[in-house]
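Residue-level structure breakdown
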Amino acid sequence: MDYTATQSGFRQRKLQPDMRLRNSSVDGTDGSQLFEDTSAAASGSQTGNQQAGLQAAGFPSLSDPMSNLAMAYGSSLASQGREMVDKNLDRFIPISKLKYYFAVDTVYVGKKLGLLVFPYMHENWEVSYQQDTPVAPRFDVNAPDLYIPAMGFITYILVAGLALGTQNKFSPELLGVQASSALVWLIMEVLAVLLSLYLVTVNTDLTTIDLLAFSGYKYVGMIVGVVAGLLFGKPAYYLSLLWCCAAIFVFMIRTLRLKLLSEAAAEGRLVRGARNQLRMYLTMSIAAAQPIFMYWLTYHLIR
Amino acid sequence: MAFTLYSLIQTAILCINAVAVLHEERFLSKFGWGVDQGVGGFGDDPGVKAQILTLIRSVRTVMRVPLIIVNAACIVLLLLFG
């Protein structure tokens, strides 16, 4: 709600009660406190500001009841419109669920990046729950998040532009082409994984956004590989890509094992049965697709 | 490989069209993939084949009308703009 600061002082005063209501309801419903509540401090300073602003602007039209009415009507219409947009948008893109995936902090990001590059020492891969809902990523390093994939995607596009520039092939349209190409591959991969999960009838609590997060983790390895290739040449690119491919392979298998396989198979015991075998193949193929994509999306950047 | 989002939409339309034209009697039954062979065992394990058949049948049922609209729009647009 940053843009309220730029609106006129009168409208701010009208909208303020609605805003405070919305803020408190959001913080009340997600009981795990995803984000810190900074609204109290912000609204305190805001009311101080608009009182001063109102006197300083010296609104002459406040005395005219007609334009008073018009302004009140206009602002109520605006707030109604915004509520409608919010409600409809929430139906298509679950914004409240998305918030969970961005509740990260620096420590989590650091630990997760380390885990993506070196997952061999980590022992406990289970996601901890808090009264049936998964804990926010801030408190559990095993929980999937969307911050690292999103940042990784953007960084990958920038690094790709840099790499193409060193080959004298850069042009601004090429950035857009790279971005849409990588996005299309990501969407196709998520759809393929969803389709295969449906076909194998796995009873899992993996949501689409979880799959998007897992597919987005490979951008970290790709960036490491391309940067190493840019700095130290082709052998460094191949070496670091190999290391990151192995790391993401192990990471995916260890993470997906707990979600896709049945309890017994996840603990490592050999369980017979066609269905468990199918699930194992599915986990393996999802994990194996990651290195393939990593190579596919970066080999043309290092020539 | 320069993929754009437009080519993704094209791919999606073509694939859904391909699934929608698989006729039940004339084609799928010859392979033993008809509607009667789909519902096999009960219990919690439908199997991959039953899932594929269910998917094909549901795509045909759900996407029939939207596909008519989308295909008509594509034809008109391609005629007008090449």
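What counts, and where the lines are drawn
Residues numbered from 1 in each chain as written. Chains lettered and ligands numbered in written order. Predicted model: local features only at pLDDT ≥ 70, side-chain atom pairs only at ≥ 80, totals over all residues. Heavy atoms only, no water. Contact = heavy atoms within 4.5 Å. Buried area = accessible area lost by both parts, 1.4 Å probe. Polar contact = N/O pair within 3.5 Å; in protein donor to acceptor, adjacent residues only side chain to side chain. Helix = DSSP H or I, 4+ residues; strand = E, 2+ residues; numbered from the N terminus. Axes fitted to C-alpha atoms, helices over the stretch in contact; angles between N-to-C directions. Parallel < 35°, antiparallel > 145°, perpendicular 65-115°, else oblique. Left-handed = near helix turned anticlockwise from the far one by under 90°. Nonpolar A, V, L, I, M, F, W, Y, C, P; charged D, E, K, R; others polar. UniProt positions renumbered as here; feature names shortened; annotations may be inferred. Patch = residues over 30% accessible without salt bridge, like charges linked within 9 Å, V, L, I, M, F, W, Y side chains within 5 Å. Areas by Shrake-Rupley, 256 points an atom, 1.4 Å probe, with all protein chains shown as cover. Salt bridge = Lys/Arg side-chain N within 4 Å of Asp/Glu carboxyl O. Buried < 20%, exposed > 50% of the residue type's maximum accessible area, 1.4 Å probe, protein only.

1. Brief notes about the interface of chain A and chain B
The partner chain B presents 15 residues to the 15 residues of chain A that form the contact. Surface buried jointly by chain A and chain B totals about 1,300 Å² across both partners, of which 74% is contributed by carbon and sulfur atoms. It is Val184(A), Tyr198(A) and Leu199(A) in chain A that bury the most area against chain B; as a group they hold 37% of the surface buried on that side. The tally of links between chain A and chain B comes to 1 residue pair in polar contact (both at pLDDT 80 or more). Among the secondary structure elements, those contributing two or more residues to the side of chain A that touches chain B are helix H7 (172-199) and helix H12 (274-298) of chain A. If one sorts the elements of the side of chain A that touches chain B by residue count, H7(A) sits on top with 11 residues.

2. Some points on the packing of H7(A) against helix H8 (residues 208-216) of chain A
Residues and elements named next belong to chain A. The geometry of H7 relative to H8 is characterised by a closest axis approach of 10 Å and an angle of 130 degrees between their N-to-C directions. When the interaxial angle is binned, H7 and H8 end up oblique. Remark: the crossing between H7 and H8 carries right-handed chirality. From H7, Leu186, Glu189, Val190, Val193, Leu194 and Leu197 reach across to H8, where they touch Thr208, Leu211, Leu212, Ser215 and Gly216. Its residues assigned to classes, the contact of H7 with H8 comprises 7 nonpolar, 3 polar and 1 charged.

3. Remarks on the UniProt feature "transmembrane region" (unreviewed entry) in chain B
As annotated by UniProt and renumbered to match this structure, "transmembrane region" (unreviewed entry) occupies residues 6-23 and 61-81 of chain B. Along residues 61-81 of chain B one finds 100% helix and 0% strand; the C-alpha atoms at either end are 31 Å apart.

4. Things to note about a nonpolar patch on the surface
All names here are of chain A. There is a patch of nonpolar side chains on the surface, built from Phe35, Phe102, Tyr147, Met151, Ile154 and Leu158 and spanning about 530 Å² of accessible area. Here Leu158 lies in helix H6 (residues 147-166). Classification of Leu158 by relative accessible area gives exposed; the value is 56%.

5. Details of the UniProt feature "transmembrane region" (unreviewed entry) in chain A
Per the UniProt record, the feature "transmembrane region" (unreviewed entry) sits at residues 146-165, 177-199, 211-231, 237-257 and 278-297 of chain A. Between the C-alpha atoms that bound residues 177-199 of chain A there is a distance of 33 Å. The span itself is 100% helix and 0% strand.

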